[in-house]
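These are the residues of each chain, in order.
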Amino acid sequence: QVQLVESGGGLVQAGGSLRLSCAASGRAFGSYAMGWFGQAPGKEREFVATINQNGGMTRYADSVKGRFTISRDNAKNTVYLQMNSLKPEDTAVYYCAARRLGIVATTTGSYNYWGQGTQVTVSS
């Protein structure tokens, strides 16, 4: 079992930046692919970014390419999402997810473990 705890969300003005962190329990973190998903009010949870087990491959939703960067530190059991040039439409609860298979994936059903989410609100 893996527990994921997100942090770093908050209220920011448009154009600003935030860095989300997701701390994972357990010794298998380095074998998992990790992902970030966002869920806006009244909408389905959507893919944002994913990274493979060693950090050598990443993928992003088109809406965040060039603005967001996913990274990981396997020594710290932590994955990050650096969010720059934030827009009001980025407002959502952001969830961290872990996938036992270590290759990247963009669908919610591909992930085995989920955190509780952290709220990101971008004001105009």
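Everything numeric in this text was worked out from a predicted model, so none of it was measured. (Residues numbered from 1 in each chain as written. Predicted model: local features only at pLDDT ≥ 70, side-chain atom pairs only at ≥ 80, totals over all residues. Heavy atoms only, no water.)

On to the overall build of the protein. Per the secondary structure count, the protein includes zero helices and 11 strands. Counted from the first residue to the last, the protein has its helices and strands arranged as β-β-β-β-β-β-β-β-β-β-β. Here the C-alpha radius of gyration of the protein, 13 Å, is about what a compact globule of 124 residues would show, namely 14 Å. Taken over the C-alpha atoms alone, the protein extends approximately 40 × 25 × 25 Å along its principal axes. For the protein, the proportion of its 124 residues judged to be buried stands at 45%. Long-range pairs, those at least 24 residues apart, make up 58% of the contacts in the protein with a sequence separation of at least 6. Considering the protein, the positive charge centre built from 12 side chains and the negative charge centre built from 7 side chains are found 8 Å apart. (Helix = DSSP H or I, 4+ residues; strand = E, 2+ residues; numbered from the N terminus. Rg over C-alpha atoms; globule rule 2.2 N^0.38 Å. Buried < 20%, exposed > 50% of the residue type's maximum accessible area, 1.4 Å probe, protein only. Contact = heavy atoms within 4.5 Å. Lys, Arg positive; Asp, Glu negative; His and termini not counted. Charge placed at Lys NZ, Arg CZ, Asp CG, Glu CD.)

Strand order in the open sheet made by the four strands is β1-β3-β8-β7, with antiparallel pairing throughout. Of all the strands in the sheet, just β1 (4–7) and β7 (68–73) have a single pairing partner and so form its edges. Strand-to-strand twist in this sheet, taken as the mean axis angle between neighbours without regard to direction, amounts to 15°. For strand β3 (residues 18–24) and strand β8 (residues 78–83), the ladder comprises six bridges, and the chain directions are antiparallel. From the neighbouring strand, Cys22 faces β8, where its bridge partner is Val79. (Pairing = 2+ DSSP bridges. Axes fitted to C-alpha atoms, helices over the stretch in contact; angles between N-to-C directions.)

In β7, alternate side chains face the same way, and those of Phe68, Ile70 and Arg72 are buried while those of Thr69, Ser71 and Asp73 on the opposite face are not. Note: β7 against β8, six bridges, orientation antiparallel. Pairing of Thr69 across the sheet is with Gln82, part of β8. The loop that links β7 with its antiparallel partner β8 comprises four residues; one of these, Asn77, has a positive phi angle of about 55°.

Of all hydrophobic cores here, the largest spans 35 residues; its most connected members are Leu4, Met34, Trp36, Val79, Leu81, Met83 and Tyr94. When residues no more than four places from it in sequence are discounted, the contact partners of Leu81 are Leu18, Arg19, Leu20, Trp36, Val48, Ala49, Phe68, Thr69, Ile70 and Tyr94. (Core = buried A, V, L, I, M, F, W, Y, C linked by side-chain atoms within 4.5 Å.)

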